[in-house]
Amino acid sequence: MQIREMEEAAEVLRISTVKAENCMQCGKCSAACPAGARMDILPHRFVWELMNGRVSLLAKSGTLWQCLSCFACSARCPRGVDPARLIEAVRLTVIRRQGANSINVDELPQVIDENMPQQAIVSALRKYNK
Amino acid sequence: MLAEKQSTEQNFEPLIVAFCCNWCSYAGADLAGTARRSYPANVKIIKVPCSCRVNPTFILRAFLRGADGVIIAGCHPGDCHYTTGNYFTRRRMTLLMGLLGYLGVDKARLRVEWVSAAEGNKFAEVMTDFAGTIKALGENVKLRDLRCK
Amino acid sequence: MRKHIAATVDVARVAESVRSIPDVAFATDYRYMCSEGGQTLLRQAVKEHGLSRIVVCACSPRMHEATFRKAAKAAGLNPYLVEIANIREHCSWVHKDKEVGTAKAIALAKAAIAKVRLNTPLTAGESPVVKRALVIGGGIAGLQTALDIAEAGYKVDIIEKSPSIGGKMAQLDKTFPTLDCSACILTPKMVDAAAHENITIHTYSELEKVSGYVGQFEAVIRKKARSVAVDRCSGCGLCMEKCPSKKAASEFDEGLRTRSAIYIPFAQAIPNVPVIDREQCLKFQADKCGLCAKICPAGAIEYGQEDELITNKYGAIVLATGFTTIDPVRFGEFGYLHHKDVITSLEFERLTNAAGPTQGKLVKLSDGKKPKSIVFVSCVGSRDTTERGKSYCSKICCMYTAKHALLVKEKYPDIAVKVFYIDVRTPGKGFDEFQRRAVEEYGVEYIKGMVGKVTEEGGGLAVHASDVAAGTKIVAEADLVVLATAVTPSSDARKLASMLSASIDTDDFYTEAHPKLRPVESPTAGIFLSGVCQGPKDIPETVAQAGAAAVKAIGLLSKDKLLTNPCVAHVNETTCSGCLACEKVCPYGAITADYKQVNSKGLKERRLIAHVNEALCQGCGACSVACPSGAMDLRGFSNKQIMAEVDALC
C-alpha cells in the first residue's frame, strides 16, 4: 500500500514538473499565502508531505480547495519550487478520480450570478476546467 | 598496427586514441591505474597540456590512419587549469562532430568527456563504455585511407 | 600489494621490439629505473652510446618526469630531450593479460620514440621580479595583507576607492562573538598602515589599467581629484562646518545621516583630509559659494585639482576588494522602500554605533522613538536560487543577527526580539555558544520560518511569517524590522577581473587557483586573493586569509628571478598572417601584435605579426589550434610531435 502511494506521489511530482527536492522547508510560501490561515496543511508542509509520498493525506486535505491559485507562494519561493503547481497537480488527480466534476464553459452563465467576483470565476476555471 | 588488428567480426579489436589533458584526465587515468580499475587495452593515451591543444586535424589524421574511435578527455567545464580551455574544446568538437556527420562517419566514433583528476573510476568506466561502443560500431572504413600509412 | 610493471608487461620483449626501430641506438630493461642505480644506468648509456634522446618506459610522468630530466641533465643532455612512456598506470596496472599489456606497452613506447625524435632542446626562461606589491582595497583584508608584506621588508601600495581606508569593518559597532568594539581594534591597524615606512596609501583612487605579468605588472592608478591639498590640510574641519550644501546622504552612515559636500567620511578616517563631492558642491555645480576656500586657514582648498595618473611597477597584486550587500528593494514583500522602520543590518549597525547618527541610541527612523519590539529576518537574498537572490549562504548573517539580537536585549531587556530563520548556521569557535546565549540567557525568540510579507498595521509593522516547526502561520508585531541582506562582491570585481585576467565565478567572487590547496591564489600567476572578494567570510577568517595571501606574495617577491615554463607557444613569423585569432582565445592575454619586418618567400614586408609573451604564456595550446595557418605552435607539444604520436599509434 505504502509503495503504491510513493509511486503515486512520484507520478504527481512528474506531472507537476516541479522540482520539489529543491525545497529547503523555509516556510516562505506559507508565510506569503493569503489563504494560509484557513489551510489545514500549509504549502511548505504540502511540499514536504508530497515528497514523503503521503498523497492520500493531501487528497483529503482542505488545502486543495482553500488554495486560491494566486501563485504568491511560487513568486516568493527562494528555490523556484512552485508549490501552487504541486497543489494543482494533487487537485487534478482528485478531480479526475471523482469524474464529472468539472465546469463546462457553456453552462457557466446559468450557474453564476452578477455578484460573483471575476477572480472567483477565473480561479474556478483553473481548478475545475481540466 | 592496422595489420595486427583482427577484423573478423567477433574478435574485432578496435584501435582507440585518447587525448587526455595533463591536469585532469591524464591524472584521472593515473588514478584509474593506481586503483587498478581496468579498462580495455584498445585505449592508447596521448598526453596534451589541455584538451584545447587537440587540433581537429590530429583527430582526422587518426581516423585516416585507421583509428576506430577517438576520445578527448578534459577537465570539467569551469575547472580547466587554463580557465577556459575546455570551453574551446567543447565548441571545436561540436563543429567537428558536425563535419564527421557530413562525411558520413558515425559521430559516436568521436567523444568528448570530462574526467577530473579524482575520477579514476569514471575514467575506467568511460573508456570501457567507449571501447564497447566502438566495438559495436565495427571497423572504421569510411575515413580510413591507406595512403596515409 | 603494489605490483611491479613486469607482472603484466614483458619488459624484456618491449626493449627487444623497440631496438629494431630506426634511430634507436640502445634499449634495455631495468627493474627500478627511478632508483639511483637506474639513473646511473641511464647516464652510462648516454655516454657509451652517444645518445641524443631518451625514452623511459616507466611510471607516470607526473611521478618521475622531473627525476629523469634531472638525470638527463647530469648526463649532459638537455632535460627536455626526455620522453616518458607511461607503461605502469596506463598499462601494466589496468590490464591483466600479459600479451595484451605487452602489446600496448610496445605501442606506447613507439609513440614516445616518435615524439622524442622531434623534441628540441628547451631552456627555461628567466624573468625578473619587481620587489613591490600592489594591494587593491583598503579594508581589513587589504590592510592586513599590506602590513604583513611591509613587515617582511617589501614596499606595498594600497589603493582604496573611497576617501578613507577602513572599509566595512570601520562601519561596524561590535564584532562577534567577543563583542569587542570594531573601531577600537581596526583603527590601530589603520594607523600602523599609514605610518609604515614601506606602505604607500592611495585613497580616493582606482585602478585604471594593468599590463604585464607575474613579477612585472605595470599598473596605472587614477588618483581622483580630492580638491583639497593633502599636504597642507590640517584636518580642522572648519570647511565641513561652514559648507552650505549638507544634503548628501552619508555613505559611511548608510544614508542614515546627511553630510556636507566637503567631507571626511568618519572621525577616525585616514587620511584625515576632506574631499569635495563635486556632484554636491555648489562651486562645481553652479559656480557659486567658494566658502571653504575662503575660510580654510591652511589655504588647502584647490578647486582646480585634476585627476592624477600614477604609473608603477609591481611584482605581485593582491585583490582585497571586499563586499557590499544586496539591495533589499528587489524583495518587495519586505517593504524596505515603503516603511521607514524596515532597515538592513548594516543600517542597524550604524544605528547602534556610539559614533553613529543617533550616538548609539536605538530609535525608530519613522518617529525617533524607542521600539518596543524588533524582528530580525535572516537569509534576505541568501540561499535564493531565483534571479532575485544569491544561491550561496552569506555565512556571517546568522552570527551578526545573533549579535544584534543579544546586544539589543542586553541594553534594553524590555524590547521583545524575534529572529526568523531558515537554519541557524554557526560553525566557528564559540559561535554556537554565542547564539545559544542569545536564546537562553537573553530570551531572544528564534522562530524557524521565513517572512512572507511586512505590512503596516496600527502605526506599527506586522510581520507575516510561518512557524515551520509548529506548522502554523503567525503575524508578529514589530516596531523595527531588520533584514540580513546577502553579502555580494564589490561592484568593481568584474571590471577588475577582466583588467587583471583573474577569473571570477558567476556570483562575481574571484576564483582561487585550487579550491582546497591554493585558496589564496588566483589562477593567474602573481595575483592573490584576500578577504571576502574570494567568498563570504567573517573578520578572523578574513585576517587569516589576508595573512596567507601576504605570505604567498612575499614568497614571490623574495625571488630575484622567476623560472618560466619553456613549453610555451611561439609564432612562425613568416607564416603568421596577423589575423590574431590566437589573441582572442588566450586566457592570459599573453598574445599581442606588433608590426614587424618579415621576409616572406623572398618578399620583404612590414606587417602585423602575433607576438607571444613567454613569461605570461602558460602553455595551454589554445592558440595553436585557433591559428588557421599553423604559424602558432606549442613547444614540447608541437603539431608535429603530437601528429607523430598519432601516426605511431595508428
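Everything numeric in this text was worked out from a predicted model, so none of it was measured. (Residues numbered from 1 in each chain as written. Chains lettered and ligands numbered in written order. Predicted model: local features only at pLDDT ≥ 70, side-chain atom pairs only at ≥ 80, totals over all residues. Heavy atoms only, no water.)

Caption draft 1: Summary view of the interface of chain B and chain C. In this complex, chain B contributes 45 residues to the contact, which on the side of chain C involves 43 residues. Between chain B and chain C lies a buried interface of about 3800 Å² when both sides are counted; carbon and sulfur atoms form 62% of it. Here chain B and chain C share 4 salt bridges between them. Note that B:Asp30 is salt-bridged to C:Arg62, the shortest N-O span being 3.9 Å. (Contact = heavy atoms within 4.5 Å. Buried area = accessible area lost by both parts, 1.4 Å probe. Salt bridge = Lys/Arg side-chain N within 4 Å of Asp/Glu carboxyl O.)

Caption draft 2: Quick look at the pairing of strand 1 (residues 16-21) of chain B. Residue and element names in this part refer to chain B. Across the 6 residues that make up strand 1, a large majority, 6, are buried. On strand 1, burial covers both faces: Ile16, Ala18 and Cys20 on one face and Val17, Phe19 and Cys21 on the other are all buried. Bridging between strand 1 and strand 3 (residues 69-74) involves 5 bridges; their strand directions are parallel. Across the sheet, residue Phe19 finds its bridge partner in strand 3, namely Ile72. Crossover handedness for the path strand 1 to helix 1 (residues 25-34) to strand 2 (residues 43-48): right-handed. (Buried < 20%, exposed > 50% of the residue type's maximum accessible area, 1.4 Å probe, protein only. Helix = DSSP H or I, 4+ residues; strand = E, 2+ residues; numbered from the N terminus. Pairing = 2+ DSSP bridges. Right-handed = clockwise from strand over helix to strand, strands pointing away.)

Caption draft 3: Region of the structure containing the nonpolar core. Counting residues in hydrophobic clusters, the biggest one holds 61 residues, and the most contacted among them are B:Phe19, B:Val54, B:Ile59, B:Leu110, C:Ile591, C:Ala610 and C:Met632. Both domains that furnish three or more residues to this core are identified here as domain 1 (5-117) and domain 5 (569-634) of chain C. What B:Ile59 contacts, discounting residues up to four positions off in sequence, is B:Phe19, B:Val54, B:Val70, B:Ile72, B:Met93, B:Leu96 and B:Leu110. Counting residues in hydrophobic clusters, the runner-up holds 38 residues, among them C:Met169, C:Ala320, C:Ala549 and C:Leu556. (Core = buried A, V, L, I, M, F, W, Y, C linked by side-chain atoms within 4.5 Å. Domains from an automatic or database assignment.)

Caption draft 4: Molecular detail of the domain arrangement of chain C. Residue and element names in this part refer to chain C. Structurally, chain C comprises domain 1 (5-117), domain 2 (126-224 + 307-322 + 490-563), domain 3 (225-306), domain 4 (326-488) and domain 5 (569-634). Put simply, the middle of domain 2 and the middle of domain 4, counted by C-alpha atoms, are 32 Å apart. With 18 residues of domain 2 at the interface, the matching set in domain 4 holds 24 residues. Summed over both sides, the interface of domain 2 with domain 4 buries roughly 1700 Å², with 66% coming from carbon and sulfur.

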